[in-house]
Amino acid sequence: MKRVHVAAAVIRGEDGRILIAKRPQDKHQGGLWEFPGGKVEDGEAVEFALARELEEELGIRPQAARALIQIRHDYPDKQVLLDVWEVSAFSGEPHGAEGQPLTWVSERQLLEYEFPAANKPIVAAARLPDRYLITPDDLEPSELLAGIRSALAQGVRLIQLRAPNMFDPQYRDLAVDVQGLCAGKAQLMLKGPLEWLGDFPAAGWHLTAEQLRKYAAGGRPFPEDRWLAASCHSAEELVLAMQMGVDFVTLSPVQATATHPEAQPLGWDAASEMLTGCNLPAYLLGGVGPADIERAWQVGGQGVAGIRAFWPI
């Protein structure tokens, strides 16, 4: 069965909302919502196909766009390759040129709409920022809280509270404080035993590679509306993360780091190869910083994650 190549767009308005369209009932996955786009013809560049489809479907022309995520998905009756781009500027006024219903929704509201199964990673990628702050592990609680306040003031939207040197009770107390700081401003990701999940309902969970290997066969440990991430260092672990149904991953180390000097860097080329077919938003981690975000996009990543590179103090 030939894989159908489709170009699709996460189209953002000036207010940050995202445009989605409803599929006609007589089409594959009819009646579900989708990110606008259409088939890439043989020999056609993806960017050209996307521009053509958006003009035909919505009457707009992309003016600023970048690759967001690439997904391979097998339905019982169809195999698709989705080349998804984020369109942040366009000319024209979007309208359903083919009679299809359209609506603008916030990132959070995307969860209220039913999309084809292949679109689940697109929804995640559309909701995630391009940088992921991981807290340093050698600071006192007061220093961590001060740094997180500063990061939030600078617009950081995704934070992992990483404090491996703390005793469990101390980490849990700190997590309560950080959860309060992040409320309404950023998504907090915690680390620790899965038995803690029920104690921090507003937080997402970031699994270690060891936890991923231990629990992957059991499937996703909590509902879809809570963020679940995993640390990956190999193609095998990326496969486990997909099997478990996590929302995003970190892939590391891309380059040599002071934090883990013993770890063999993957390098950009190997990271790019590993992300091909990954089907998950992935943050590249290890020896990278804000200046590497565009390179991360080019190799198929969501963006970059960092400890010292993003720590504001």
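Structure's up top.
In short, a report on the structure. (Residues numbered from 1 in each chain as written. Predicted model: local features only at pLDDT ≥ 70, side-chain atom pairs only at ≥ 80, totals over all residues. Heavy atoms only, no water.)

1. Things to note about the sheet that holds strand S8 (residues 131–134)
Spatially, 8 strands are ordered S8-S9-S10-S11-S12-S13-S14-S15 in a closed barrel, and the strand pairing comes out parallel. Each neighbouring strand pair of the sheet contributes to a mean axis angle of 25°, computed without reference to strand direction. Sheet analysis places S8 next to strand S15 (residues 303–306), joined by 3 bridges and oriented parallel. Bridging across to S15, arginine 131 finds its partner in valine 304. The strands touched by helix H6 (residues 235–244) within the sheet are strand S11 (204–207), strand S12 (228–232) and strand S13 (248–251), with S12 carrying the most contacts at an inclination of about 165°. (Pairing = 2+ DSSP bridges. Helix = DSSP H or I, 4+ residues; strand = E, 2+ residues; numbered from the N terminus. Axes fitted to C-alpha atoms, helices over the stretch in contact; angles between N-to-C directions. Contact = heavy atoms within 4.5 Å.)

2. As for the nonpolar core
One recurring pattern in soluble globular proteins: nonpolar side chains tend to sit buried together. Core analysis: the biggest nonpolar cluster contains 58 residues, and Leu161, Leu190, Trp205 and Leu284 have the highest contact counts within it. Among the elements that make up this core, the one with the highest residue count is helix H4 (residues 168–182) (6 residues). Here leucine 284 is in contact with Leu251, Val254, Trp268, Ala271, Leu275, Ala296, Val299, Gly303, Val304 and Ala305, once residues within four sequence places are set aside. Of all hydrophobic cores here, the second largest spans 21 residues; its members include Leu68, Val84, Val105 and Val123. (Core = buried A, V, L, I, M, F, W, Y, C linked by side-chain atoms within 4.5 Å. Buried < 20%, exposed > 50% of the residue type's maximum accessible area, 1.4 Å probe, protein only.)

3. Comments concerning helix H7 (residues 268–275)
Within H7 the residues assigned to the buried category are Trp268, Ala271, Met274 and Leu275. End-on, the buried residues of H7 take up no more than an arc of 125°, which puts them together on one face. Structural note: H7 exposes Asp269 and Glu273 on the side pointing more than 90 degrees away from its buried face. The first or second residue beyond H7 is glycine 277, which carries a positive phi of 85°. (Arc of directions from axis to C-beta.)

4. Considering the environment of glutamate 294
By secondary structure assignment, the location of glutamate 294 is in helix H8 (residues 293–298). Measuring from C-alpha to C-alpha, the distance between glutamate 294 and valine 304 comes to 9.2 Å, with 10 residues separating the pair along the chain.

5. Describing the pairing of strand S14 (residues 282–285)
In S14, alternate side chains face the same way, and those of Ala282 and Leu284 on one face and Tyr283 and Leu285 on the other are all buried. Note: S14 against S15, 3 bridges, orientation parallel. When the bridges of S15 are listed, leucine 284 appears paired with valine 304.

6. A short note on the packing of aromatic side chains
Taken as a whole and assessed by the stated rule, the structure comprises 8 aromatic pairs. Geometrically, the ring pair formed by tryptophan 33 and tyrosine 113 is edge-to-face, given 5.3 Å between the ring centres and 80° between the ring planes. In this pair, tryptophan 33 sits in strand S3 (residues 33–34) while tyrosine 113 sits in the loop between strand S7 (102–105) and helix H2 (120–127), placing the two residues 80 residues apart along the sequence. Judged by its relative accessible area of 27%, tyrosine 113 is partly exposed. Taking 5.4 Å as the distance between ring centres and 50° as the angle between the ring planes, the aromatic pair formed by tyrosine 132 and tyrosine 283 counts as tilted. Of this pair, tyrosine 132 sits in strand S8 while tyrosine 283 sits in strand S14, placing them 151 residues apart in sequence. (Phe/Tyr/Trp six-rings, centres within 6.5 Å; stacked < 30°, edge-to-face > 60°.)

7. Let's talk about the environment of threonine 250
Assignment of secondary structure puts threonine 250 in strand S13. The exposure class assigned to threonine 250 is buried, which follows from its relative accessible area of 1%. Taking the C-alpha atoms as reference points, threonine 250 and valine 304, separated by 54 residues in sequence, lie 8.5 Å from one another. Setting aside residues up to four positions removed in sequence, threonine 250 forms contacts with Tyr132, His206, Ala230, Ser231, Cys232, Tyr283, Leu285 and Ala305.

8. Considering the pattern of salt bridges
In total, this model carries 19 salt bridges according to the counting rule given. For the salt bridge of glutamate 107 with arginine 12, the shortest nitrogen-to-oxygen distance reads 3.0 Å. Placement of glutamate 107 in the loop between S7 and H2 and of arginine 12 in strand S1 (residues 4–12) is noted, with a sequence separation of 95 residues between them. The class of arginine 12 is buried, set by a relative accessible area of 13%. (Salt bridge = Lys/Arg side-chain N within 4 Å of Asp/Glu carboxyl O.)

9. Here's the deal with H2
Among the 8 residues of H2, 7 are classified as buried, and the element is accordingly described as predominantly covered. Among the residues making up H2, those that are buried are Pro121, Ile122, Val123, Ala124, Ala125, Ala126 and Arg127. Looking at the packing, one finds that the buried side of H2 touches S1, strand S2 (18–22), strand S5 (61–74) and strand S6 (79–91).

10. Some words on the pairing of S1
Most of S1 sits out of view: 7 of its 9 residues are buried. As paired strands, S1 and S6 are joined by 8 bridges and run parallel to one another. Pairing of valine 4 across the sheet is with valine 80, part of S6. Two successive antiparallel strands, S1 and S2, enclose a turn made up of 5 residues, where glycine 16 displays a positive phi of approximately 90°.

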